[in-house]
Amino acid sequence: MNETLKTLETRRSCRKFKPDMITDEELEAVLRAGTFAPSGKNQQSSIIIAVTNKEMRDQIAEENRKIGGWDEGFDPFYGAPVILIVIADKDANNGSGTYINDGSLVMGNLMNAAASLGLGSVWIHRAKQEFESEFGKSILEKLGIKGNYEGIGHVALGYRQTPVPQALARKENYIYYIK
């Protein structure tokens, strides 16, 4: 089996990360892979915000925790030292609505690239709510990002603290053929 197919079959979400920061080379490779995700009419409607600053990472985790309704002290990013936030322009493709699909493909590329490098990752929701809030809007303003953006998701990224689990059996009737 080729390496790409092997990565796609063995990637699993990680919910326990080491506190160690990943290397700049690993981060850049994952980010670059995200930029090559397919997008409607090649509009590249997504933006990736890479958060490696611990203070900001912790602020985002706290906002995410509040939105999720978890108890104080819970870390919805499971200790990952890096958060990659994908947002997408709702007005891309003349508002044709592919921005969520575009952003989701970026998320997939980021997570598969991470797995190919031996890194752990997990998709964390609530980016939509974060970037509808004043907290999220202030992040975009500080970064100089203007436009009609919606949060698609977060990729918590880092070194795994636990081994990659085996895949569960695939469900029956997953694939149907029309020949």
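Since this is a predicted model, take the numbers as computed values, not measurements.

Let's shift gears to the packing of aromatic side chains. Enumeration according to the criterion identifies two aromatic pairs in this entry. Each ring, one from W70 and one from F74, has its centre 5.1 Å from the other, and the planes form 40 degrees; the classification is tilted. For F74, a relative accessible area of 31% gives the class partly exposed. Note on F74 and Y78: the rings are 6.2 Å apart at their centroids and 90 degrees apart in plane angle, and the pair reads as edge-to-face. Of the residues examined, Y78 reaches a relative accessible area of 28% and is grouped as partly exposed. An aromatic cluster of three or more residues is present, and its members are W70, F74 and Y78. Geometry around Y174 places K171 over its ring, the cationic atom sitting 4.9 Å from the centre.

Along helix α7 (residues 134-143), the residues that are buried comprise F135, G136, I139 and L140. What you see down the axis of α7 is that its buried residues fit within an arc of 140 degrees, all on one side. Exposed side of α7, more than 90 degrees from the buried face: E134, E141 and K142 are the residues found there. Contacts made by the buried residues of α7 are with β1 (46-51), α3 (54-68), β2 (82-89) and α6 (127-132). A positive phi of about 75 degrees marks G144, the residue just after α7.

What counts as what
Here the residue numbers are simple positions, counted from 1 along each chain's written sequence. Owing to the predicted nature of the model, reporting of local features is limited to residues with pLDDT of at least 70; listing and counting of side-chain atom pairs is limited to 80 or more, with chain, interface and lining totals taken over all residues. As a rule here, side-chain values come from all non-hydrogen atoms in the structure, and water together with hydrogens is ignored. Any two rings among Phe, Tyr and Trp, with Trp reduced to its six-membered ring, count as a pair given centres within 6.5 Å; such a pair is stacked if its planes are under 30 degrees apart, edge-to-face if over 60, and tilted if neither. Between buried and exposed lies partly exposed: a residue is buried under 20% and exposed over 50% of the maximum accessible area for its type, with that area taken using a 1.4 Å probe on protein chains only. Charge over a ring is defined by NZ of Lys or CZ of Arg lying within 6 Å of the ring centre and within 35 degrees of the ring normal. We count a stretch as a helix when DSSP gives it H or I for four or more residues in a row; a strand needs E for two or more, and each element gets its number in order from the N terminus. The arc in question is traced by the directions running from the helix axis to the C-beta atoms. The criterion used for residue contact is that any of the two residues' heavy atoms lie within 4.5 Å.

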